[in-house]
Structures are given as structure tokens and as C-alpha cells.
Amino acid sequence: MEPKATLCRYLQALRDAVLWKVEGVAEQDLRMPMTGTGTNLLGLVKHLAGIEAEYFGVCLGRPWPDPMPWWDESADPTDDMWATADESPEQIVDLYRRAQSWADETIAELPLDATAHVPWWDPPETTLHRLLVHMIAETARHAGHMDILRETIDGQRGLFMVAPNLPEVDDASWREHVARLRDIAQRSGNP
């Protein structure tokens, strides 16, 4: 498989994992901040949509057709990490799918050595190849966040429901495993 196809395959697998993490989750749980910084499932999807549109659009000279409000200089720096009350989960998921299609069109049209300009990078000049690698890393990082959030919400875990990429053990075995780890943690460092 050629390098570009390999990179696209890995990126798409991560995108699919991101979408699975929000599938079948109640809206309140999708929006609920789960960390001290407000990390939530729907916000992560919104964030990934925005950065795909930026990296594979704006940075490659192909501006996204609909400006995203959180790109405005006056926007709060966290505006891309949560959905407003007026943004439905369906709208956010649709935005992510559209950003993916937009990105895929750009990626298909350009060679890996195509020049890109990322103003917030130092140096700002880069290539499509580096953008793909960066987007794979970025998506993997946030998919990992989503793994933990989703497991916390309803116990769904793993890469995909049909291929979780976890040991095949029952829930009782997982509870025993967690209890064993808790016991070790609680006894650690104590005389």
C-alpha cells in the first residue's frame, strides 16, 4: 500500500472510532463535562471537525466554505470544545462528517509533498504529509479521551463494539481486575 493510502486508512479508522464513541449516547451525557477542564464527548467531535477543516482546508489554501464562529479572534479559546445549546448532536456529527469529506477531497487532489502553511506552527511551512501524521496523532489522542469518557458514562469500551481490541473477559473478571489494582494502589507507599 502506498504511503498516502496508508495514512488515510489510519486516519479514517480513528475517525470511525470517534463517531462510534458518540453513537447511542443520550444528549445530556454527550454534553456533560467530565473533567476539570470541561472535556465532553460532543465537544471533542466539534473540535476535531474544526481542526480537520483548518489543517486540510485553510492551511492548504482551500478555505472552509462556512466560517466557524470559534475561529474568530474574539471567540473564547474553548469555544470549539463544547456544543452550544443551539448546536444539536446531529449538527455536530454532521459537521464532522462534512469536514472529513472536505479534507478527503483536498487530500486526494494533492501529493504528500504539497506545501502547507500553518501560521501557529514554528516554522509555519510544512507539507500535506506532516499534516496527515499530525491529524492522525491529534485524532488518536482525542479518541483516547473519548474511550475513557464513554466507559465512564455507560461502560462501553474498546476501539469498536465489534472489535474492542481488549482481552475477551466478562464483566465479573473486569471487576476483579479493578479490585486487585485498587488494592495494590491503596497499599502502595504505606508502611
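Going by the structure above, here's the rest.
Residues numbered from 1 in each chain as written. Predicted model: local features only at pLDDT ≥ 70, side-chain atom pairs only at ≥ 80, totals over all residues. Heavy atoms only, no water.

Caption draft 1: How the structure looks around the side chain of R150. Summarising the element assignment, R150 is placed in helix 5 (residues 128-154). At 3.0 Å, the side chain of R150 forms a polar contact with the backbone oxygen of K21. Polar side-chain contacts of R150 include one of 3.0 Å to the backbone oxygen of E23. (Helix = DSSP H or I, 4+ residues; strand = E, 2+ residues; numbered from the N terminus. Polar contact = N/O pair within 3.5 Å; in protein donor to acceptor, adjacent residues only side chain to side chain.)

Caption draft 2: Spatial organisation of the side chain of T39. Mapping T39 onto the fold places it in the loop between helix 2 (27-31) and helix 3 (41-56). Once residues within four sequence positions are removed from consideration, T39 is found in contact with M32, P33, M34, L44 and L149. (Contact = heavy atoms within 4.5 Å.)

Caption draft 3: Spotlight on the nonpolar core. Y55, F56, L131 and L132 are the most contacted members of the largest nonpolar core, which totals 45 residues. Listed by contribution, the elements that provide at least two residues to this core are helix 1 (3-22), helix 3, helix 4 (89-109) and helix 5. Broken down by element, this core gets its largest block of residues, 10 residues, from helix 3. In this structure, L131 is in contact with Y55, F56, C59, L60, A116, V118, W121 and T126, ignoring residues within four places of it in sequence. (Core = buried A, V, L, I, M, F, W, Y, C linked by side-chain atoms within 4.5 Å. Buried < 20%, exposed > 50% of the residue type's maximum accessible area, 1.4 Å probe, protein only.)

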